[in-house]
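In case you want the letters, here they are:
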Amino acid sequence: MRAFGNHIFVTSLASAVLFFLYAPILVIVIFSFNDSHYTGLPFNGFTLRWYVELFHDRQILTSIWNSVYVGLGVVAISVLFGLPAAIALDRYTFPGKTAFRRIVLLPIVLPGIITGVALLSFYLTVHFRLSLHTIMLGQGTALMCITITEVFARLQQMGKSQTEAAVNLGANEWELFRHVTLPGIASSLFGAMLIAFSISFDEIAVTFLLTGRENTLPMTLWSLLRREVTPEVNAVATLVVLVSVILIVIGMYASRGKNSASYGNH
Amino acid sequence: MAQAALSLPSQTGGARPAVRSARRIERRRMLLWLVPPIAWFTVFMLVPYALLFYYSLGQAEDMVFTPGLSLRNFARVFTDEPYLGVILKSARIGLMTSVLSAIMAYPLAFCLAFHVRSASLKFVLYLLVIVPWWASYLVKAYAWKTILGTGGILNATLQGLGLTHEPVRLFLYNEFSVVLTLTYIFTPFAVLSIYAQLERVPTSLIEAARNLGASAWEIVFRIVLPISVPGVIAGGIITFSLAFGDFVAPVLVGGPDSLMISNIVINLLGVAFDWPMAAAIGLVIIALGLALISLSGWLEEKTQVRL
Amino acid sequence: MTTGIELRDLRKLYDGHGATAWAVDGVNMRIGQGQFVTLLGPSGCGKTTTLRMIAGFETPTSGQILRDGIDITDQPVSDRDMRMVFQDFALFPNMTVAENVAFGLRTRRMKGRFSDAEIRRKVAEHLDLVHLGSHAGKRPHQLSGGQKQRVSLARALVTDPDVVLFDEPLGSLDAHLRKVMQIELIRLHRELNKTFIYVTHDQDEAMAMSDAIAVMNVGKVMQFGTPREIYDRPASRYVASFIGHAHIVDAVVAESRSDGLMVRLGNGEVVSLAQPAKVASGQSVGLMLRAEDLSLARPGEGELHGQVADSLYRGEYIEYVVELTGNAGLVHVHEPTDLPPFAHGAPVALKVNAQKAHVVEA
């Protein structure tokens, strides 16, 4: 019997906190359907006007596509480089392992702006022109820790015995990876990919300084938010929330573990 | 039976050239996995940080960078206005945020860990906490602008109820709204990290305490809190760092004097073109971050309750 | 007024994943003050659920729990003053050994009852009682399994409860330590005169320590009696096979007299028993033959005949598996190791101890 304390008292406090977490988001969602140019009470009636307008807004449509492009690149980078890192951390001990782990995790604790400043100074020194690709490289570096920690946790859970059995049966490195390691980590890798994409889709701190002429969706949203609060912004916001929530829920179901989703995403 | 011959496998001496060296193969395999990520982090993290250091030692005059070997910029972080003050203010906002979000989070995490029995309901509630954590950062900050503003929901409600006659301006564009927004943003994270700690508390400890006659409050203060606090602090340090480095909330819901250190860095780069100064601040923050990581490691080591 | 604990038609419905089943299905039991009673059975038999209902951790679906004649079925856990010793020890990791033991004395409900000096004295006294006087300042993780269990025991005893509940307390200890702790528990029970209610799946443990054993299966008490009653006179085939690994051979009652019994096996051989039983001639029964009630002899020198199917050297004795002639069944026999061994396949005769052989339902 795990429960203790007054059940009604505890659940009503918890419900109040849940309300606190959802009320502001619901406000945005509700006002995205409000038939008024002005975000605020009273509610003038239901409309899909702002969504229609949003789908005619070239600037927003382009930035959505840009964000998808960046997100896919970030996923590719974090799989290509994060997966080997996780495998190496799981299987081998090497000099500087602790330092390597620290460095990988550093972007979680550092303000994104600082990561941005460092990368910007690098780009300027080697004369990279700022573009979607510079954003991709920056986010890829900052978000790689997600793939590494997710996959590493799963590898640790799997233990060594399967790998040892495969090697004992004569598997070479590729066969080991293809038939044992990859099937074992597939779901957590998939979950990590979705999470990385979703964070990238929402990322602004690292992106902020690395943006060239083309904007990602959060950057476009940022400039809109600074200028004015229009109902169209509410519609964009609702869609952004919807997309990231869908991706995360799929990712959670895929990896259905407790150790996901506790990273800093900003 | 007595004559059972027990023999050990005889040791065959001498080198056999046909056998490949397992150690060498293992090493080659390790490098196969290790070299790509190390190369990546060297190019995109270590080199940029090194460059940051290089820039911080130079000077910018009339927007032109001159290399140098001076620690003047680091000194300026601690002497010139507004840098140190803003760093301290950011730290204060970060601290308030992490404490307040832990306080907000504890009841929900507690309910999830101790009062939800069904595993499927637990998973659904867990998802309900995760969803606002991953929902768009910008949107979450902006939502409070629409709620707290003079034409916002809160003022409309207050006026509608007749509690006030004109919009209250106190809600928005000050440090209160920044802390409130950041607390809102980081509460889900705090719930997740506290919940993970509370799940660690074995059911039998609670049963033992009840069996020994303890009341609910006694269980909380003598068993659950002492066991969960180290992990809660570790989670709080991450909240602190994230809130400390935020630049969105100050711009969207903060007032003219609530700029935080990240805003200052952005301004140094975008407006003043003072590269070396931005780099120096960046390095100071990195040093603070590393110190914080070590501090949290040390704290965990020191206060961790071994189950 | 009856003193002690009484369970009246106690039931607990367990529902997991949509399916429901009776975890405890009509348990009636009377446990006198000062008795050492063991609930014995395989996992899932309802013994732990019964204990947890007595402690108050589980609410019975129906039935009553009485203590000294008073219904305590709905009394909160913390009011019951029955201390529990847990299988995983459940020591508070954030407290020292002494603080753990003092916990029950320092709760708010105890406030004012003991002075600090008294608490210190009681803690020291009880740590000495379990031979841990020198470990007072240690943390639980610095102790061995056996030491942890002693702390848990001291913590349960320090408030001087009438009833102490044990939920497989020796389950996570190694075999040697288990034996040591068994002797310790018997000593404590003798010295303290408290009711001990003990849950285990280990029949040796139950036999060695208890005044009475309740053998449980699928939520029901199959037999409740002294260890000797349960061992020598099992009430059912289930109890006979669960306790002491008796082997049961199908038989028919040939003759039932007031001073004994004759049963005939499938192969026509006849065994006489010295104990009478309420069975009629011609009735089918199970003849319970324990290894220690049998001895091997040369063919013609015993009541039963068979062939050695296997022999296992056990150190203390040799265990023979004997197949009775005419496929009448398999029995095990323990023979001293210093006698000349019987070879595999050798024809043997079996002598049956008429005083100990026993019949159960078919």
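In this text, all values refer to a predicted model and were calculated from it rather than measured experimentally.

Visitor: Can you explain the overall build of chain B? Please cite residues and give values.
Guide: A tally of helices and strands in chain B yields 12 helices and two strands. Walking chain B from its N terminus toward its C terminus, one meets helices and strands in the order α-β-β-α-α-α-α-α-α-α-α-α-α-α. Against the compact-globule benchmark of 19 Å for 307 residues, chain B has a radius of gyration of 28 Å, which places it well outside the compact range. Viewed in the frame of its principal axes, chain B has a C-alpha envelope of about 105 × 70 × 30 Å. Residues classed as buried in chain B amount to 48% of the 307 residues present. Within chain B, counting contacts between residues at least 6 apart in sequence, those at least 24 apart form 74% of the total.

Visitor: Just give me the short version of the overall build of chain A, but keep the residues and values in it.
Guide: Helix and strand counts for chain A stand at 11 helices and zero strands. For chain A, the α and β elements follow one another from N to C terminus as α-α-α-α-α-α-α-α-α-α-α. With the principal axes as the frame, chain A shows a C-alpha extent of 70 × 65 × 30 Å. Taken over 266 residues, chain A has a buried fraction of 50%. A separation of at least 24 residues holds for 80% of the contacts in chain A among residues at least 6 apart in sequence.

Visitor: Got a sec to walk through the confidence of the model for chain B? Specific residues and values, please.
Guide: Residues and elements named next belong to chain B. On average, residues of chain B carry a pLDDT of 85, and 94% of them reach 70 or more. Mean pLDDT per element in chain B: helix α6 (residues 153-160) is the minimum at 78, and helix α3 (residues 83-115) is the maximum at 94. Confidence drops under a pLDDT of 50 for residues 1-11, and excluding neighbours within four residues, the segment shows zero contacts in the predicted structure. Quick note on the complex model: pTM equals 0.84, ipTM equals 0.86.

Visitor: Please give an account of the sheet that holds strand β16 (residues 304-313) of chain C that cites residues and values.
Guide: Residues and elements named next belong to chain C. Read from one edge to the other, the open sheet built from five strands follows the order β15-β19-β16-β17-β18, with strand pairing classed as antiparallel. The open sheet has two edge strands, β15 (294-297) and β18 (330-335), and neither has a second partner. The average angle at which neighbouring strand axes cross in this sheet is 45°, direction not considered.

Visitor: Outline the pairing of strand β11 (residues 247-257) of chain C, supporting the account with residue identities and numerical values.
Guide: Residues and elements named next belong to chain C. Examined bridge by bridge, β11 and strand β14 (residues 284-289) share six bridges and lie antiparallel to one another. The partner of Ala251 across the bridge, within β14, is Val285. Here β11 runs beside strand β12 (residues 260-265); their pairing, made up of six bridges, is antiparallel. Residue pairing across strands places Val252 opposite Arg264, the latter belonging to β12. Linkage of β11 to β12, two consecutive antiparallel strands, is achieved through a turn of two residues.

Visitor: Which residues make up the confidence of the model for chain A, and what values go with them?
Guide: All names here are of chain A. Chain-level statistics for chain A give a pLDDT mean of 85 and a share of 92% at 70 or above. When pLDDT is averaged over each element of chain A, helix α3 (residues 58-91) comes out on top at 94 and helix α11 (residues 231-255) at the bottom at 81. Low confidence marks residues 257-266, where pLDDT is under 50. Its contacts with residues over four positions away, or in another chain, come to 25 contacts.

Visitor: Break down helix α6 (residues 132-158) of chain A for me, with residues and values.
Guide: Residue and element names in this part refer to chain A. Taking 1.5 Å of rise per residue, 27 residues should cover 39 Å, and α6 covers 37 Å from first to last C-alpha, within 8% of that figure. Taking the largest bend as the criterion, α6 deviates by roughly 40°, centred on Ala142. Of all 27 residues in α6, 23 are buried, a share of seventy percent or more. Of the residues one or two after α6, Gly159 is the one with positive phi, at around 80°.

Visitor: Run through the interface of chain B and chain A, naming residues and quoting values.
Guide: Facing 79 residues of chain B, the contacting portion of chain A comprises 71 residues. For the side of chain B that touches chain A, the per-class residue count stands at 61 nonpolar, 13 polar and five charged.

Visitor: Account for unusual backbone geometry, with residues named and values stated.
Guide: For residues other than glycine, phi is negative in most cases, and the peptide bonds are mostly trans. Omega for the peptide link from Glu81 of chain B to Pro82 of chain B comes to -5°, which places this bond in the cis form. Its location among the elements puts Pro82 of chain B in the loop between α2 (72-79) and α3. Backbone geometry at Asp81 of chain C places phi at a positive 55°, although glycine is not the residue there.

Visitor: Summarise the environment of Val99 of chain B; cite the residues concerned and give the values.
Guide: All names here are of chain B. Within the secondary structure layout, Val99 lies in helix α3. Looking at Val99, the number of C-beta atoms within 10 Å reads 15, which means it is partly exposed. For the pair Val99 and Leu290, spaced 191 residues apart in sequence, the C-alpha to C-alpha distance is 21 Å.

Visitor: Account for the pairing of strand β9 (residues 212-217) of chain C, with residues named and values stated.
Guide: Residue and element names in this part refer to chain C. In this structure, strand β3 (residues 36-40) lies alongside β9, joined through four bridges in parallel fashion. Bridge pairing in β9 places Leu40 opposite Val215. For β9 and strand β10 (residues 220-225), the ladder comprises five bridges, and the chain directions are antiparallel. Along β10, the bridge assignment pairs Val215 with Gln223. Counting the residues between successive antiparallel strands, the hairpin from β9 to β10 contains two residues, one of them, Val218, with a positive phi of roughly 35°.

Visitor: Talk me through the sheet that holds β12 of chain C; I want residue IDs and the actual numbers.
Guide: Residue and element names in this part refer to chain C. Here we have five strands laid out as an open sheet, ordered β13-β12-β11-β14-β20, and antiparallel in their pairing. What marks the edges here is a single partner per strand, and that holds for β13 (270-273) and β20 (358-361). Averaged over all adjacent pairs, the angle separating strand axes in this sheet is 45°, with direction ignored.

Visitor: Report on the nonpolar core, specifying residues and quantitative values.
Guide: Counting 278 residues, the largest nonpolar core has Val117 of chain A, Ala109 of chain B together with Leu287 of chain C as its most contacted members. Ranked by the residues each element gives to this core, the list is headed by α3 of chain B, at 16 residues. In terms of domain composition, this core takes at least three residues from each of domain 1 (5-237) and domain 2 (245-361) of chain C.

Visitor: Outline the packing of α3 of chain B against helix α9 (residues 216-244) of chain B, supporting the account with residue identities and numerical values.
Guide: All names here are of chain B. The contact between α3 and α9 brings their axes to 8 Å, and the two run at 135°. By the criterion of interaxial angle, the relationship of α3 to α9 is oblique. Remark: the crossing between α3 and α9 carries right-handed chirality. On α9, the residues that touch Ser90, Ala91, Ile93, Gly94, Leu95, Thr97, Ser98, Ser101 and Ala102 of α3 are Val232, Gly236, Thr239, Phe240, Ala243 and Phe244. Of the residues that constitute the contact of α3 with α9, the class distribution is eight nonpolar, seven polar and no charged.

Reading the values: the criteria
Residues numbered from 1 in each chain as written. Chains lettered and ligands numbered in written order. Predicted model: local features only at pLDDT ≥ 70, side-chain atom pairs only at ≥ 80, totals over all residues. Helix = DSSP H or I, 4+ residues; strand = E, 2+ residues; numbered from the N terminus. Rg over C-alpha atoms; globule rule 2.2 N^0.38 Å. Buried ≥ 20, exposed ≤ 12 C-beta atoms within 10 Å, placed from the backbone. Contact = placed C-beta atoms within 7 Å. pLDDT = per-residue confidence, 0-100. Pairing = 2+ DSSP bridges. Axes fitted to C-alpha atoms, helices over the stretch in contact; angles between N-to-C directions. Expected span 1.5 Å × (residues − 1). Bend = angle between axes of the 7 residues up to and from the residue. Nonpolar A, V, L, I, M, F, W, Y, C, P; charged D, E, K, R; others polar. Core = buried A, V, L, I, M, F, W, Y, C linked by C-beta atoms within 7 Å. Domains from an automatic or database assignment. Parallel < 35°, antiparallel > 145°, perpendicular 65-115°, else oblique. Left-handed = near helix turned anticlockwise from the far one by under 90°.

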